[in-house]
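Residues per chain, in single letters:
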Amino acid sequence: MKNILVAGLVAGASLFTATAHAEDRISAVHAFPETLIYTKSFLSFVDKVNEAGKGVIQIDVRGGPEAIGMFQQPDAVRDGIVDMVYTPGSFYGGALPEKDAMVGSNLTAVETRQNGGTELIDQIHQEKMGLKYLGWFDSGVCYNLWTRDEPTFDADGNLEVEGLKLRGNNVYNAFFSNYLGAQVIDLPTGEVYAALQRGVVDATGWTQIGLIDLKWNEFLNYRIEPCFFSTDLGVIVNLEKWNSLSDESKKILQDVAIQHEKDSVEALRKKRDEDFAALDAAGMISVSLEGEAKANYLAAAREKTWERMKGLMAEQPGGTDNYDRLIELFYDFDAAK
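Residues numbered from 1 in each chain as written. Predicted model: local features only at pLDDT ≥ 70, side-chain atom pairs only at ≥ 80, totals over all residues. Heavy atoms only, no water.

**Some remarks on the overall build of the chain**
The number of helices and strands found in the chain is 14 helices and 13 strands. In terms of its C-alpha atoms, the chain occupies a principal-axis envelope of roughly 100 × 45 × 30 Å. Counting every position in the chain, which comprises 337 residues, the buried fraction comes to 52%. The contacts of the chain with a sequence gap of at least 6 include a subset with a gap of at least 24, amounting to 79%. (Helix = DSSP H or I, 4+ residues; strand = E, 2+ residues; numbered from the N terminus. Buried < 20%, exposed > 50% of the residue type's maximum accessible area, 1.4 Å probe, protein only. Contact = heavy atoms within 4.5 Å.)

Written as structure tokens, this is what we have:
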């Protein structure tokens, strides 16, 4: 009887040890196709986690928009259908308009991690959507307006958009429609190539990086400077799943995410320079607004985005309580001078 009891205790202890050290696993999807530079950045983050987390935590990538539609992914992670999503905050801006602080930012994730901005965004994600905001990846990259035909300017140097068939989406429309006065055609990323090919659109906003990956440079010939906005790509995790992870798993995920925030800034700036050189060599022409027209263009991009954020925040519980703090943490007015 004694031997049976001892054997039972040993078996129970072994079972407890095995359970206590069971490897955590997280399912993940990404918003864009694997060929895009931003997705490659996320997948490199996954590789880093899986290397550092052997025997502790592993991320299982299910795919991209072919697995779960890109606009359905934020709801899917909130509802626990998938544990982790890499996506622009703009894809769930209706539920969390505070993401516009990142869109209008002139700082990088490294800086907002240090000054408390990322912590505030994480807090808002947890309270409003039941999500852990793990990291703001691929920051420090801004957007340009790209056109098929040579852009024209009025007597004051302002961009003329009459007759321009401009592809838009939730990121750009407050700026494109309200300031530029453009008529926009909303299209998801995956449909833009065909739309350019058929002449449905002849201009689009897009980041400094990725035009070649998407092959849109086959149709677009001009890049308008200055650039505006910032990418708002981040990794969000279902909060219930996050809370279920071991402390060791959480630490690995957070440490690797913080390091990737730094690494991705450097990697993407290098990629931007390479892309610009390749585009220029292929005949891409850069044109720029100057003087007051340039200043007004940049101010409008920023302020129309903030107006949208404030208006949507006012419609939600908590209202605009965090508005001033978000501007303070995500925008450096001195650097903008």
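Following the structure, the description resumes.
**Here's the deal with the pattern of salt bridges**
Counted according to the given criterion, the structure contains 19 salt bridges. In this structure, Glu307 and Lys304 form a salt bridge, with 3.8 Å as the shortest nitrogen-oxygen distance. Of this pair, Glu307 and Lys304 both sit in helix α12 (residues 291-314), separated by three residues, roughly a single helical turn. Classification of Lys304 as partly exposed rests on a relative accessible area of 22%. In the salt-bridge network here, residues are joined through shared partners; they are Glu23, Arg25 and Asp60. (Salt bridge = Lys/Arg side-chain N within 4 Å of Asp/Glu carboxyl O.)

**Quick word on the packing of aromatic side chains**
Applying the stated rule across the entire model yields 24 aromatic pairs. Pairing Phe175 with Tyr297 gives two aromatic rings, centres 5.2 Å apart and planes at 75°, and the pair type is edge-to-face. With Phe175 in helix α7 (residues 173-178) and Tyr297 in helix α12, this pair connects stretches of sequence that are 122 residues apart. Each member of the pair, Phe175 as well as Tyr297, carries the same accessibility label: buried. Considering the side-chain rings of Phe228 and Phe229, the 4.9 Å spacing of their centres and the 80° angle between planes classify their relative orientation as edge-to-face. Given the relative accessible area of 10%, Phe229 is considered buried. When the ring centre of Phe276 is taken as reference, the NZ or CZ atom of Arg223 above it lies at 3.8 Å. (Phe/Tyr/Trp six-rings, centres within 6.5 Å; stacked < 30°, edge-to-face > 60°. Lys NZ or Arg CZ within 6 Å of the ring centre and 35° of its normal.)

**Thoughts on the nonpolar core**
Core analysis: the biggest nonpolar cluster contains 71 residues, and Phe45, Met84 and Leu253 have the highest contact counts within it. By residue number, the principal contributor to this core is helix α11 (residues 247-281), which donates seven residues. (Core = buried A, V, L, I, M, F, W, Y, C linked by side-chain atoms within 4.5 Å.)

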